[in-house]
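Residues per chain are reported as follows:
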Amino acid sequence: MRPQIMVVDDDEKIISLLRRSLAFEGYEVLTAPNGLEGLKLMMDHDPDLLILDVMMPQVDGWEVAQRVREGGSGVPILMLTAKDDISDRVRGLDLGADDYLVKPFALEELLARVRALLRRQKEQHEHAASRLVYDDLALDLDSREAIRAGRSFELTSKEFDLLHLFMQNPRRVLTRETIMEKIWGYDFSGESNVLEVYIAMLRQKTEEGGGKRLIQTVRGTGYVLKGEGA
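Remember, it's a predicted structure, so these values are computed and weren't measured experimentally.

Asks: Can you help me understand the pattern of salt bridges in this one?
Replies: Where side chains of opposite charge bring their charged atoms close, a pairing between them can arise. One pass over the structure, following the stated rule, counts 15 salt bridges. Salt-bridge contacts for Lys-103 lead to Asp-9; the nearest nitrogen and oxygen are separated by 3.1 Å. One end of the pair, Lys-103, is in the loop between strand E5 (99–102) and helix H5 (107–129); the other, Asp-9, is in the loop between strand E1 (4–8) and helix H1 (12–24), with 94 residues separating them in the sequence. For Asp-9, a relative accessible area of 2% corresponds to the buried category. Linking Asp-140 and Arg-131 is a salt bridge whose minimum nitrogen-to-oxygen distance equals 4.0 Å.

This is the structure:
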């Protein structure tokens, strides 16, 4: 799938240049002529990169960047502006921009920055995919190591599988039957209290040093990963 890039700029020449150039580089391009239209477009799309002009009517680039970040989007933002003041660059970065390019710009430099931002985003996604986090507990899927509040501890194979299941389903109540099926399989014929034994071992390891309990018992149903009182 081609990376999707959204360009928001009120300069028709800039829009035309970037639409052609980015498409030629193999990107899918969406465009908006002002900040208000850009925000509306963001509601229907989840682009891989946002190229955002600062000085626009109705809603300027600073406000767009702020609203995008407040909405929870982590899309990389490359801001374009005719202003070269340090204070303007700092303001853009403080509002959530990832990079800043002053007009007039060299197309080759813009394309290089686009590649760099997309590469960084891909690396972050790959790293996030190999590490699950809930509260102050992290599970590294590559090393199969658990870390809580900076303290690492080893897990047996079944302990890892069980914690992995909880970390994939935070705040979701998992029935005893679901857990047994996922971890031990349909044909498990071992001790009936094996799940309780493993829950106890996981709690001992995750709560060592005074950590609050994260694996809660839901009486008559099963277990859930959540903080006490959450």
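Asks: For this particular structure, what's the right way to read the environment of Glu-145?
Replies: Within the element layout of this structure, Glu-145 appears in strand E8 (residues 145–148). With 65 residues separating them along the chain, Glu-145 and Leu-80 place their C-alpha atoms 42 Å apart.

Asks: Would you explain the packing of aromatic side chains in this entry?
Replies: Counting across every chain of the model gives 1 aromatic pair. Stacked on the ring of Trp-62, the Lys or Arg Arg-91 has its end atom at 4.0 Å from the ring centre. A cation over an aromatic ring shows up here: Arg-144 above the ring of Phe-160, its NZ or CZ 3.8 Å from the ring centre.

What counts and what doesn't
Counting restarts for each chain, with residues numbered from 1 along the sequence as it is written. In keeping with the model being predicted, local features are shown solely for residues with a pLDDT of at least 70 and side-chain atom pairs are shown and tallied solely at 80 or more, while totals for entire chains, interfaces and linings include all residues. With hydrogens and water stripped out, all remaining heavy atoms of the structure feed into the side-chain values. Just to be clear on terms, a salt bridge is a Lys or Arg side-chain nitrogen sitting within 4 Å of an Asp or Glu carboxyl oxygen. Per the convention used, a helix needs a DSSP run of H or I reaching at least four residues, while a strand needs a run of E reaching at least two, with both numbered from the N terminus. The classification of residues rests on relative accessible area computed with a 1.4 Å probe and restricted to protein chains. Under 20% of the type maximum is buried, over 50% is exposed, and intermediate values are partly exposed. When two rings of Phe, Tyr or Trp (its six-membered ring) have centres within 6.5 Å they constitute a pair, described as stacked for plane angles under 30 degrees, edge-to-face for angles over 60, and tilted for the intermediate range. Geometrically, a charge over a ring is one whose NZ (Lys) or CZ (Arg) sits within 6 Å of the ring centre while staying within 35 degrees of the ring normal.

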